[in-house]
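Coordinate analysis (summary)
As a plain string of letters, each chain reads:
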Amino acid sequence: MSLKIAVFISGRGSNLNAIIQAIADKRLDATIQCVVSNDAEAPGLLIAKQHGIETFALDHKGMKRVEHERVILEHLKTYEIDYIVLAGYMRVISPSFLKQWHDERGYFKVVNIHPSLLPSFPGVSGYEDAFNYGVKVSGVTVHLVDEEVDRGIILAQEPFPRFPDDTLQTFCARGLSVEHALYPAVLQQIAKEGIRLTPKKTKVESKK
Ligand code: GRF
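Report on the accompanying structure.

Conventions we followed
Residues numbered from 1 in each chain as written. Predicted model: local features only at pLDDT ≥ 70, side-chain atom pairs only at ≥ 80, totals over all residues. Heavy atoms only, no water. 1 Å grid on protein atoms, 1.4 Å probe; cavity = no way out; pocket = protein on both sides within 12 Å on 5 of 7 lines; lining within 4 Å. Points joined across faces, edges and corners; volume = space filled by probe spheres on them. Helix = DSSP H or I, 4+ residues; strand = E, 2+ residues; numbered from the N terminus. Nonpolar A, V, L, I, M, F, W, Y, C, P; charged D, E, K, R; others polar. Pairing = 2+ DSSP bridges. Axes fitted to C-alpha atoms, helices over the stretch in contact; angles between N-to-C directions. Contact = heavy atoms within 4.5 Å. Near = heavy atom within 4 Å. Polar contact = N/O pair within 3.5 Å; in protein donor to acceptor, adjacent residues only side chain to side chain. Areas by Shrake-Rupley, 256 points an atom, 1.4 Å probe, with all protein chains shown as cover. Sits in = over half its atoms within 2 Å of the grid points. Phe/Tyr/Trp six-rings, centres within 6.5 Å; stacked < 30°, edge-to-face > 60°. Buried < 20%, exposed > 50% of the residue type's maximum accessible area, 1.4 Å probe, protein only. Lys NZ or Arg CZ within 6 Å of the ring centre and 35° of its normal.

Re the layout of surface pockets
Leftover empty space is mapped by rolling, across the atoms, a probe with the size of a water molecule. Volume-wise, the largest pocket comes out at about 800 Å³. The element best represented in the lining of the largest pocket is helix α6 (residues 168-193), accounting for 4 residues. For the lining of the largest pocket, the class distribution of residues is 16 nonpolar, 12 polar and 9 charged.

Examining empty space enclosed by the protein
Taken as a whole, this structure holds 1 cavity of 30 Å³ or more when the rule is applied. The wall of the largest cavity is formed by F8, R65, H68, E69, I72, Y89, R91, V92, I93 and F97. Counting residues per element, the lining of the largest cavity draws most heavily on helix α3 (residues 65-76), at 4 residues. Along the lines of polarity and charge, the residues of the lining of the largest cavity split into 6 nonpolar, 1 polar and 3 charged.

Considerations on the sheet that holds strand β3 (residues 55-57)
Across the sheet, which stays open at both edges, the 7 strands sit in the order β3-β2-β1-β4-β5-β6-β7 with mixed pairing between neighbours. Of all the strands in the sheet, just β3 and β7 (154-161) have a single pairing partner and so form its edges. Pairwise comparison of adjacent strand axes, ignoring direction, gives a mean angle of 20° for this sheet. Where strand β1 (residues 3-9) lies against strand β4 (residues 83-86), 4 bridges are found, and the strand directions are parallel. Its bridge partner lying in β4, I5 is registered against Y83. Across the sheet, α6 is in contact with β1, β4, β5 (110-114), β6 (137-144) and β7; its angle to β7 comes to roughly 155°.

Section: the site of the ligand
All residues adjacent to the ligand are R12, G13, S14, N15, G88, I113, P115, Y127, L176 and E179. In the model, an oxygen atom of the ligand is placed 2.9 Å from a nitrogen or oxygen of the G13 main chain. At 2.9 Å from an oxygen atom of the ligand is found a main-chain nitrogen or oxygen belonging to N15. With the chains in place, 86% of the 370 Å² that the ligand exposes on its own is no longer accessible. Here the ligand occupies the largest pocket. Of all the secondary structure elements, the ones that give two or more residues to the shell around the ligand are α1 (14-24) and α6.

A closer look at the packing of aromatic side chains
Summed over the entire model, instances satisfying the criterion amount to 8 aromatic pairs. Between F8 and Y89 the ring centres are 5.1 Å apart and the planes differ by 75°, which places this aromatic pair in the edge-to-face class. Residue F8 is located in strand β1, and its partner Y89 is located in the loop between β4 and α4 (95-98); the two are separated by 81 residues in the primary sequence. We note that F8, like Y89, is buried. With a centroid separation of 5.2 Å and 55° between ring planes, the pair formed by F160 and F171 is classed as tilted. With a gap of 11 residues between them, F160 in strand β7 and F171 in helix α6 connect regions that are remote in the sequence. One aromatic cluster is present, built from ring pairs that chain together F8, Y89, F97 and W101. The ring centre of Y83 lies 5.7 Å from the NZ or CZ of K109, which sits over that ring. Of note, R162 hangs over the ring of F131, and the distance from its end group to the ring centre comes to 3.9 Å.

Here it is in structure tokens:
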């Protein structure tokens, strides 16, 4: 099916741009119904506008989380939307919001991209934390969002190397280019097959 999505951003919007390009190149069968931001100055909003995509910006400052989310939800109800796609959205989404956005199995129809191989390096500075830790391999994770931050079911992961002469900048740039390929590819998989889940636990038979 063709996926109808709302993309949530807070900043530069390079993943939004990658999704827009993938749709234009027909690598992703989707329509961006609306781009939502909690920051009216987010540069990514300009990318959306340049492509004729509707935007909705609502600054969260001075607003209670519940009220901020309520207004966004009200706005989203004016579109048909299958999935909310978080692309650098720097706000934690509350369980009460998530509960209004689930599939028939109870999984929240909200996906996120995180700049590390979760469960390592959750939080707002995945690349920096992994780099400063001294990892030799890092990566990118696309996951379903649930009530716990950066803990939802993993849909896809892609590793990338850290080279000895990397600076934080070259390391982040490598990761970001992985993100730009991975996120549209995972969204396309959702468009084609829906959410396919890998069982989390397997029973190990004990040898006698
Ligand atoms: C990306 O690194 C993403 O993984 C993280 O926030 C950053 C957003 O970058 N969640 P951009 O706004 O898509 O350029």
